[in-house]
Each structure stands twice: as structure tokens, then as C-alpha cells.
Amino acid sequence: MKPRISVITLGVDDLERSLKFYQDGLGLPTEGIVGQEFEYGAVAFFDLQSGVKLAIWNRKNIAHDTSINQTPKSPTEFTIGHNVGSKEEVDMVMEQAKKAGAFITVPAHDTFWEGYSGYFQDPDGHLWEVVWNPAWEFTE
């Protein structure tokens, strides 16, 4: 398998609320909700970097599409790491998320591995880590 992850889909309970959080609150670019003409199709896609997209889709629709029973949410199943270029940028993104309605689970802080990070939860409880790692360089 070649590493070609192109879409990360988050199950949400309220598509409109999540759209507002990611589009208006965090400023992620999107064309809004598409696929509403299909019974289980309403979804929103957000452009990330290098062709990667974030999707939000109703949890009940994911359960239907995958033929799996919908289960209770668990925010500790995975985290989404948002790497930035400085400690100041971590602080800025954490504040932006808070203003958008995110719940800060761990305020930004110096880490044991000499980085700087904090965690927040989106309106559906998904965990995001905003992190600056001095050992990682990336280009925009």
C-alpha cells in the first residue's frame, strides 16, 4: 500500500454546527454542504494541504454506509495533529479554536520532548493537538 491518504472523515451529529465551526471558526476553505439530494449523502469537504481534505459527515450516515451499528462516541480513539511553525502560532490557533467554540482540554504548554502543544475538542468531541515540534520543518 502506498501512503496516499487523501480524505479524513469525521463523524458529526450536527452537520450545520460542525460546518460553522470549521468554516467560520477555524477558517478552513469549503464549498459548504454537498450531496443533500441523496438520503445519506450530505457532507462537507474542507481543503487542507497538498490535496488532502477533511470531511464532516453525519455519524448515522457513516454507520449506514459502512453497515456498522452506530456506537457511543469516544474522543480518545484518535487525535488530529495540526503542526505549526512556532510556539506563538500554537497559542494563536488555540485561541482561534476557543473563540470558535472548541473546548480546551489541555492549554498550550512546553512539552517534555522540548516542543509546545495543546489540545482542544471540536463540537463533536474530536481531539485536535496543535503542536510545534522544533525537530520538524515543513514548507507551506
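Look up: the structure comes first, before these words.
Residues numbered from 1 in each chain as written. Predicted model: local features only at pLDDT ≥ 70, side-chain atom pairs only at ≥ 80, totals over all residues. Heavy atoms only, no water.

Approximately 440 Å³ is the volume found for the second largest pocket. Around the second largest pocket sit 22 residues that line it, and G11, R59, K73, F78 and H126 are the ones nearest its centre. Those elements that place two or more of their residues in the lining of the second largest pocket are β1 (7–12) and α2 (59–66). At four residues, the largest contribution of residues to the lining of the second largest pocket is made by α2. (1 Å grid on protein atoms, 1.4 Å probe; cavity = no way out; pocket = protein on both sides within 12 Å on 5 of 7 lines; lining within 4 Å. Points joined across faces, edges and corners; volume = space filled by probe spheres on them. Helix = DSSP H or I, 4+ residues; strand = E, 2+ residues; numbered from the N terminus.)

Once that is clear, we can look at the environment of D14. The topology assignment puts D14 in the loop between β1 and α1 (15–25). Assessed through its relative accessible area of 35%, D14 is described here as partly exposed. With sequence-adjacent residues up to four places away left out, D14 is seen in contact with N58 and D124. A distance of 3.2 Å separates a polar side-chain atom of D14 from the backbone nitrogen of E16. From its side chain, D14 meets the backbone nitrogen of R17 in a polar contact 3.0 Å long. (Buried < 20%, exposed > 50% of the residue type's maximum accessible area, 1.4 Å probe, protein only. Contact = heavy atoms within 4.5 Å. Polar contact = N/O pair within 3.5 Å; in protein donor to acceptor, adjacent residues only side chain to side chain.)

Time to look at the sheet that holds strand β8 (residues 127–132). Taken in spatial order, the four strands make up an open sheet running β5-β8-β7-β6, and their pairing is mixed. In this open sheet, the two strands that pair with only one neighbour each are β5 (79–83) and β6 (103–110). Strand-to-strand twist of the sheet, defined as the mean angle between neighbouring strand axes without regard to direction, takes the value 15°. Direction of pairing for β5 relative to β8: parallel, over a ladder of five bridges. If you follow G81 over to β8, its bridge partner there is E129. Across the sheet, helix α3 (residues 87–100) lies against β5, β6, β7 (116–121) and β8, angled at about 10° from β7, the strand it touches most. (Pairing = 2+ DSSP bridges. Axes fitted to C-alpha atoms, helices over the stretch in contact; angles between N-to-C directions.)

Moving on to the pattern of salt bridges. Within the structure shown, the criterion is met by five salt bridges. Between K53 and D47 there is a salt bridge; the shortest N-O distance is 2.3 Å. Accessibility expressed as a relative area gives 38% for D47, which makes it partly exposed. In this structure, a network of salt bridges that share partners links the residues D13, R59 and K73. (Salt bridge = Lys/Arg side-chain N within 4 Å of Asp/Glu carboxyl O.)

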